[in-house]
Amino acid sequence: MKKVIQIKEEFYQAQGKKLDELLEEYKLDPRSGVKSLVAKYQKLQENQNKELQRIERMKQYERQYANYSYICGIDEVGRGPLAGPVVACAVILPKDCSILYINDSKQLTEKKREELYPQILEQAVSVGIGIVDQEEIDRINILQATYEAMRQAVEKLNPQPDLLLNDAVIIPKIPYKQISIIRGDTKSISIAAASIVAKVTRDHMMEEYEKQYPRYDFASNKGYGSAKHLEALKTLGVCKLHRKSFLKNLEVKQN
């Protein structure tokens, strides 16, 4: 009879059909250690099956428009912060993409976003990033800056898309068919993937800016109006990264 530690290693190495076989083989083993292993991996398998079903539901729009060759999901991050750029991402995923746990970036932990980010970049057919800085935001307003970042992201795709799935917007001056989906980052795997890449890209930028402007706590607040950030604005005033048009009603030290 195999030792429990040997069976544990078998379960650890098993995937797919092999895992099913192990669960069947050991389901009647009376040893408590084996019972615990069977219960653990049955639960993991149930959770994975639920996640596979959720991901399949996230492909509803990709299936609906499957006659298009290159379906692009697009999303942005950074419309609300007091500092830093707005960042958009456009992603074309392969039609058979089944990366587990892709979801609206706001519903994921930072750790999970960081895990998914390289997987998306590796498996995507194409990824484009658009960035519009705080000076341009002040010049043309945040809505127009968001549209510009999205256009930049789409222009960088190779191949170019023939359909855009957008999170609740129609982007002006885009020569492709667009589908606006309310809460699209929770309903489309392509938009959700774009939201993750946009979020991680912008977060990394703000973490780098922390090195240049350490007293505003940008690595933590990502430019949003946290208590520490607002206090820094009172005592230090604005820095180059701040959106001056966003600060009109705030108490800010005059430099």
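This is a predicted model, so every value here is computed, not measured. (Residues numbered from 1 in each chain as written. Predicted model: local features only at pLDDT ≥ 70, side-chain atom pairs only at ≥ 80, totals over all residues. Heavy atoms only, no water.)

Visitor: Sorry if this is basic, but what is going on with the overall build of the protein chain here?
Guide: Helix and strand content of the protein chain: ten helices and five strands. Scaling as 2.2 N^0.38, a compact globule of 255 residues should have a C-alpha radius of gyration of about 18 Å, whereas the protein chain reaches 23 Å, well beyond that. Out of the 255 residues belonging to the protein chain, those deemed buried represent 49%. Surface accessibility of the protein chain: about 13700 Å² in total, with carbon and sulfur atoms responsible for 50%. Mean positive and mean negative side-chain charge positions of the protein chain (40 and 35 charges, respectively) differ by 3 Å. (Helix = DSSP H or I, 4+ residues; strand = E, 2+ residues; numbered from the N terminus. Rg over C-alpha atoms; globule rule 2.2 N^0.38 Å. Buried < 20%, exposed > 50% of the residue type's maximum accessible area, 1.4 Å probe, protein only. Areas by Shrake-Rupley, 256 points an atom, 1.4 Å probe, with all protein chains shown as cover. Lys, Arg positive; Asp, Glu negative; His and termini not counted. Charge placed at Lys NZ, Arg CZ, Asp CG, Glu CD.)

Visitor: Any chance you could explain helix α3 (residues 32-57) here in plain terms?
Guide: Since there are 3.6 residues in each turn of an α-helix, residues three or four apart along the chain are aligned in direction. Under the 1.5 Å per step criterion, the end-to-end length of α3 is 38 Å for 26 residues, consistent within 8% with the ideal 38 Å. Buried residues of α3: V34, L37, V38, Y41, Q45, E51, R54 and I55, and no others. (Expected span 1.5 Å × (residues − 1).)

Visitor: Please explain the packing of aromatic side chains as it appears in this structure.
Guide: For any pair of aromatic rings, the description consists of the separation of the ring centres together with the inter-plane angle of the planes. Per the counting criterion, the structure on display carries four aromatic pairs. Ring centres of F11 and Y41 lie 5.0 Å apart, and the angle between their planes is 20°; on these two criteria the pair is classed as stacked. With F11 in helix α1 (residues 4-13) and Y41 in helix α3, the pair connects residues that are 30 residues apart, well separated along the chain. Across the pair, exposure class does not vary: F11 and Y41 are buried alike. With 5.4 Å between their ring centres and 10° between their planes, Y216 and F218 make a pair best called stacked. Among the residues examined, Y216 registers a relative accessible area of 6% and is labelled buried. Taking the relative accessible area as the measure of exposure, F218 reaches 0% and is therefore buried. (Phe/Tyr/Trp six-rings, centres within 6.5 Å; stacked < 30°, edge-to-face > 60°.)

Visitor: Would you take a moment to explain the sheet that holds strand β1 (residues 71-77) for this structure?
Guide: Hydrogen bonds between backbone atoms are what pair the strands of a sheet, whose relative direction is either parallel or antiparallel. In space, the five strands of this open sheet follow the order β3-β2-β1-β4-β5, with mixed pairing throughout. Single-partner strands in this sheet number two, and they are β3 (126-132) and β5 (177-181). Adjacent strand axes in the sheet meet at a mean angle of 20° when their direction is disregarded. In this sheet, strand β4 (residues 163-167) lies alongside β1 in parallel orientation, the contact comprising four bridges. Following the sheet pairing, C72 is matched in β4 by L164. Its contacts with the sheet put helix α8 (residues 189-212) on β1, β2 (86-92), β3, β4 and β5, and the angle it makes with β1 is roughly 40°. (Pairing = 2+ DSSP bridges. Axes fitted to C-alpha atoms, helices over the stretch in contact; angles between N-to-C directions. Contact = heavy atoms within 4.5 Å.)

Visitor: Can you walk me through the pattern of salt bridges in this structure?
Guide: Any two side chains of opposite charge can pair, on the condition that their charged atoms come close. Applying the stated criterion across every chain, the model contains 15 salt bridges. Ionic pairing is found between R151 and E148, a salt bridge with its closest N-O pair at 3.3 Å. Of this pair, R151 and E148 both sit in helix α7 (residues 142-155), three residues apart, roughly one helical turn. Judged by relative accessible area, R151 falls into the buried class, the value being 12%. (Salt bridge = Lys/Arg side-chain N within 4 Å of Asp/Glu carboxyl O.)

Visitor: Can you help me understand the side chain of K222 in this one?
Guide: You can see K222 is positioned in the loop between α9 (218-221) and α10 (227-236). Owing to a relative accessible area of 9%, K222 belongs among the buried residues under this scheme. From its side chain, K222 meets the backbone oxygen of A219 in a polar contact 2.4 Å long. Apart from the residues lying within four places of it in its own chain, the contact partners of K222 are P81, A83, R202, D203, M206, E207 and D217. (Polar contact = N/O pair within 3.5 Å; in protein donor to acceptor, adjacent residues only side chain to side chain.)

Visitor: Hey, could you run me through the nonpolar core in this one?
Guide: If you look at soluble globular proteins, the nonpolar side chains tend to sit buried side by side. Counting residues in each nonpolar core, the largest one holds 39 residues, and the members touching the most others are V91, L93, I102, I120 and F218. Counting only elements with at least two residues in this core, the list comes to β2, α5 (110-123), α8 and α10. Looking at this core, the element that brings in the most residues is α8, giving eleven residues. Every residue in contact with V91, bar those within four places of it in the chain, is listed here: I71, C72, G73, I120, A124, S126, V127, S190, A193 and A194. (Core = buried A, V, L, I, M, F, W, Y, C linked by side-chain atoms within 4.5 Å.)

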